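# An overview of the molecular structure
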Amino acid sequence: MTRINNPMEIYKLLPQTNCMDCNEKTCLAFAVAVFKNRKPLDQCPHLSHDVLEKYGGETEKPNTIEEDMRDAVEFLKAKIPGIDLAEAAGRTGGKYDGKKLTVKVMGKDFNVHTNGTLSSEIHINPWLAVPVLNYVLNGKGRPLSGNWITFRELKGGMERYSLFRQRCEKPLQAIADSYPDLFRDMLDIFNGRRVEGPVDSDVAVIMYPLPLLPVIVCYWEPEDGIDSSLHIYYDETAAENLDLDSLYTLTAGMVIMFDKIAYKHGIPAGEQAGRTHG
Ligand code: SF4
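The following refers to the structure shown. (Residues numbered from 1 in each chain as written. Predicted model: local features only at pLDDT ≥ 70, side-chain atom pairs only at ≥ 80, totals over all residues. Heavy atoms only, no water.)

### Quick notes on unusual backbone geometry
The phi dihedral of Asn18 is positive, around 55 degrees, even though this residue is not glycine. When you line up the elements, Asn18 lands in the loop between helix 1 (7–11) and helix 2 (27–35). Assessed through its relative accessible area of 39%, Asn18 is described here as partly exposed. In this model, Met106 sits at a positive phi of 50 degrees, which is unusual for a non-glycine residue. Relative to the assigned elements, Met106 resides in the loop between strand 4 (100–105) and strand 5 (108–113). (Helix = DSSP H or I, 4+ residues; strand = E, 2+ residues; numbered from the N terminus. Buried < 20%, exposed > 50% of the residue type's maximum accessible area, 1.4 Å probe, protein only.)

### Remarks on the site of the ligand
In the vicinity of the ligand, the residues found are Pro15, Thr17, Asn18, Cys19, Met20, Asp21, Cys22, Cys27, Phe30, Cys44, Pro45 and His46. Here the shell around the ligand is built from residues that sort into eight nonpolar, three polar and one charged. (Near = heavy atom within 4 Å. Nonpolar A, V, L, I, M, F, W, Y, C, P; charged D, E, K, R; others polar.)

### A few points about the side chain of Thr92
With respect to the helices, strands and loops of the structure, Thr92 is situated in helix 5 (residues 85–92). Assessed through its relative accessible area of 0%, Thr92 is described here as buried. Here Ala88 takes part through its backbone oxygen, which lies 2.7 Å from a polar atom of the side chain of Thr92. Within the structure, Thr92 has its side chain in polar contact with the backbone nitrogen of Gly94 (distance 3.4 Å). (Polar contact = N/O pair within 3.5 Å; in protein donor to acceptor, adjacent residues only side chain to side chain.)

Structure (structure tokens):
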């Protein structure tokens, strides 16, 4: 099967005359339509027999992020029967009852059964399941230090900080700006607690996405023409109790949860943050 990685690879096969015989305005639009399986390649009548023979049938496409995440969940679940969940309970701050390990995720029960199946009081999606499974499988169980640092200050965080800022802190800031109940929801729904933040801020709330992974969200309201600001802080042991990719995924998943809650209340914060709601 021929592998096609992106629409540009299809575009390069086309005459690039923008003649519109395929009913698309441009060859590039046609290439995108073919890549997304909206049109077959042979709807461009100007392609040679050889090109159609090679690329006109079924082509292999790269996995979507969703497919990759689902594969990752299955891969990690398959490792669970090979580990000692009683030992994992000690490392993760969870409880083991002989059949399943229960850890608190955002204050709610999340169960990892000995055969690798998952069950929870909260909706399980891959953005939650992958970090939780990595936490159970690989977390080092370091006790909390009480020293709070930013994602950028975590080991390896500097390289990933711009993505983290874009996908986690900025969208959460947009939600806080337009959804005044965000911090109340953090307290009520997710067992958050108001605290003195590691830095002086208007609001600081501590939550526990996982028992050994508390986060403090600090928010500064807009004032006198100065924009609001929001930063997320982690205990300095965070990257030992969960790998950095999972830490990012977990935080991004948490932001999506808040976004959905705000959206349900009629606040289109996600649109400001550039996301859509399923
Ligand atoms: S028919 Fe072919 S050449 Fe014409 S616009 Fe469509 S893709 Fe381009």
